[in-house]
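# Descriptive structure summary
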Amino acid sequence: MQAAALRAAIAGELRGNLLPFWRERSEDHERGGFIAQMANDGTVRVDAARGLILNSRLLWTFSALCRRQADPRDLELARRAYVAVESSFRDREHGGYLWRIAPDGRPLERTKKIYGQAFCIYALSEYHLATGEDGALDAAREVYELIERHAHDVRDGGYIEARAEDWSATADLRLSDVDMNAAKSMNTQLHLLEAYTNLYRAWPSAGVAARLRELIELFGRHILDLGGGPGHGHLHHFFDEQWRVLSDTCTYGHDIEASWLLCEAAEVLDDERLATSVREWAIELARTVLDQAVDDDGGLAYEGRNGTVIDPRRDWWCQAEAVVGFWNAFRLTDERAFADAAQRVWSFIERAVVDRSGGDWFSRVGADRTVDDGEPKVSEWKGPYHNVRMCLEMMRRIGANGA
């Protein structure tokens, strides 16, 4: 498949499947805002709690679509998402945003998980870039300042995973029930890096630049496990406050996602020395993921240990990030194997992950392509951010003329 054909296929998926689904089926017309959970058969669970991650990602998605495609339908939905985040999730007493609320708007979990605050910065910055709304940028800056004041580790660098409702220390640092109760994680640092990259676009302050640079350098010092060998070429997952590694697995989706997000962060800082190092990291991450985790059918496995896949399931977000990450590595190296990998993963997405009858993508399929119907189509963790972003990134990176 040539680059122009790949771009056309991805653009067609965006226009013909993803946008109709999220534009037409995500709104909650009874309670306002957006639905919280939908099964693969289209059944909406009206009593499901509403999560900050889904709503902030919806805000980012519709804002990004508005900024890049200027469709009034996306502007309307971006405004709806902005109102939902600000009116329902914002903590007016302590600052920041609540993690989870009931369908009627009652707070259910007030914890300030830094991962969630990061997605608010990411989304609010994008909304400001799309609309010029100063209130959104003010809100993003306020959260940034709260994170810096209460979660930044001045001594050892990086950011603590979570704070209590009032931003004091908390014993429960887990992002979810399946995560380790550790002081620091790759996942939170990665999405803070992503958020600060977008905040810097909207507000290029020296303070944001310094923190973004610190985050990039932290990846090089503590999070990246490079150097060759079957157990290397990945990101470590969990750490104590002094960055001692507490975990021994990798998730291939995070590895390939980080490979291009780190490049993006270095590029906005316009520091060629730093960018050169980051490109080397990105290439090694992409090469390791390609060597270890992409199956013959193009599907990307979920988790590995010591160079061996331990969870072969294919999650939708990992496939989306692999397309961008491998294409980014191709542009950095001009190695055809990376372009072929991006195209193979895309072909797998088309064959096994896209829901041709119900719209959008299945959340997870097995190594045999069997759909996991236990994973919802829409949930606190399943929204349009990964796959819509992949489409927008690939359309931009390839260009209308296929170059």
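What you see as residue numbers is a count from 1 along each chain, following the sequence as written. In view of the model being predicted, local features appear only for residues whose pLDDT reaches at least 70, and side-chain atom pairs are presented and counted only at 80 or more, with totals across whole chains, interfaces and linings using the full set of residues. Side-chain numbers here rest on the full set of heavy atoms in the structure, without hydrogens or water.

Next up on the list: the state of the cysteines. The term disulfide is used for any two cysteine sulfur atoms that are within 2.5 Å. Going through the model one piece at a time under the given rule, you end up with zero disulfides. With no disulfide of its own, C250 lies closest to C318 among cysteine sulfurs, the gap being 11 Å. Classification of residues uses two cut-offs on accessible area relative to the type maximum, computed with a 1.4 Å probe and protein chains only: under 20% is buried, over 50% is exposed, and between them is partly exposed. When its relative accessible area of 5% is taken as the criterion, C250 is described as buried. With no disulfide of its own, C263 lies closest to C250 among cysteine sulfurs, the gap being 19 Å.

Right, let's talk about the side chain of D355 for a bit. In this fold, D355 is placed in the loop between α11 (336–353) and β14 (364–365). Of note is the side chain of D355, whose polar atom sits 3.2 Å from the backbone nitrogen of S357. What qualifies as a polar contact is a pair of N or O atoms within 3.5 Å, subject to a donor-acceptor requirement within protein and to the restriction that residues adjacent in sequence count only when both atoms come from side chains. A polar atom in the side chain of D355 sits 2.8 Å from the backbone nitrogen of G358. Any two residues whose heavy atoms approach within 4.5 Å are treated as being in contact. Leave out the neighbours within four places in its chain, and D355 touches N17, N40, D360, W361, F362 and K377. Helix numbers and strand numbers start at the N terminus; a helix is a DSSP run of H or I with at least 4 residues, a strand a run of E with at least 2.

A word on the packing of aromatic side chains. Stacked, tilted and edge-to-face are the three classes assigned to paired rings of Phe, Tyr and Trp, where Trp is represented by its six-membered ring and a pair needs centres within 6.5 Å; plane angles under 30 degrees give stacked, over 60 edge-to-face, the rest tilted. What the rule picks out here adds up to 17 aromatic pairs. With a centroid separation of 6.2 Å and an interplanar angle of 90°, the aromatic rings of Y159 and Y196 are classed as edge-to-face. With a gap of 37 residues between them, Y159 in the loop between α5 (134–150) and β5 (162–163) and Y196 in helix α6 (residues 186–202) connect regions that are remote in the sequence. What makes Y196 buried here is its relative accessible area of 0%. Ring centres of Y302 and W317 lie 6.3 Å apart, and the angle between their planes is 85°; this geometry places the pair in the edge-to-face category. Of the two residues, Y302 sits in the loop between α9 (272–293) and β11 (303–305) while W317 sits in helix α10 (residues 316–333), which places them 15 residues apart along the sequence. Clustering of aromatic rings is evident, with ring pairs tying together W60, W99, Y115, F119, Y122, W381 and Y385. Geometry around F34 places R80 over its ring, the cationic atom sitting 5.8 Å from the centre. The rule is short: NZ of Lys or CZ of Arg within 6 Å of the ring centre and within 35 degrees of the ring normal puts a charge over the ring. Between the NZ or CZ atom of R336 and the centre of the ring of F330, over which it lies, the distance is 5.4 Å.

A strand pair is defined by DSSP finding two or more bridges across the two strands. Read across the sheet, three strands follow the order β1-β2-β3 without closing on themselves; strand pairing throughout is antiparallel. The open sheet terminates on both sides in strands that have one partner only, identified here as β1 (50–51) and β3 (107–109). Pairing of β1 with strand β2 (residues 100–101) involves two bridges; the strand directions are antiparallel. By the bridge assignment for β2, G51 is matched with R100.

Okay, the pattern of salt bridges next. Should a side-chain nitrogen of Lys or Arg be within 4 Å of a carboxyl oxygen of Asp or Glu, the pair is scored as a salt bridge. A full pass over the atoms with the stated rule returns 42 salt bridges. One salt bridge connects R287 with E335, and the closest N-O pair in it is separated by 2.9 Å. With R287 in helix α9 and E335 in the loop between α10 and α11, this residue pair connects regions lying 48 residues apart in the sequence. Overall, R287 belongs to the partly exposed group, its relative accessible area being 32%. Linked by salt bridges that have partners in common, R23, D71, R73 and D74 make up one network.

If you check helix α12 (residues 385–398), its first and last C-alpha atoms are 20 Å apart, about what 14 residues at 1.5 Å a residue would give, namely 20 Å. Within α12, 13 of the 14 residues are buried, which leaves it mostly tucked inside the rest of the structure. Of the residues flanking the end of α12, it is G399, one or two places downstream, whose phi is positive at about 90°. To estimate the expected span of a helix, subtract one from its residue number and multiply by 1.5 Å.

Moving on: α10. If you check α10, its first and last C-alpha atoms are 26 Å apart, about what 18 residues at 1.5 Å a residue would give, namely 26 Å. The buried fraction of α10 is high, at 15 of 18 residues.

None of this, on its own, says anything about what the molecule does.
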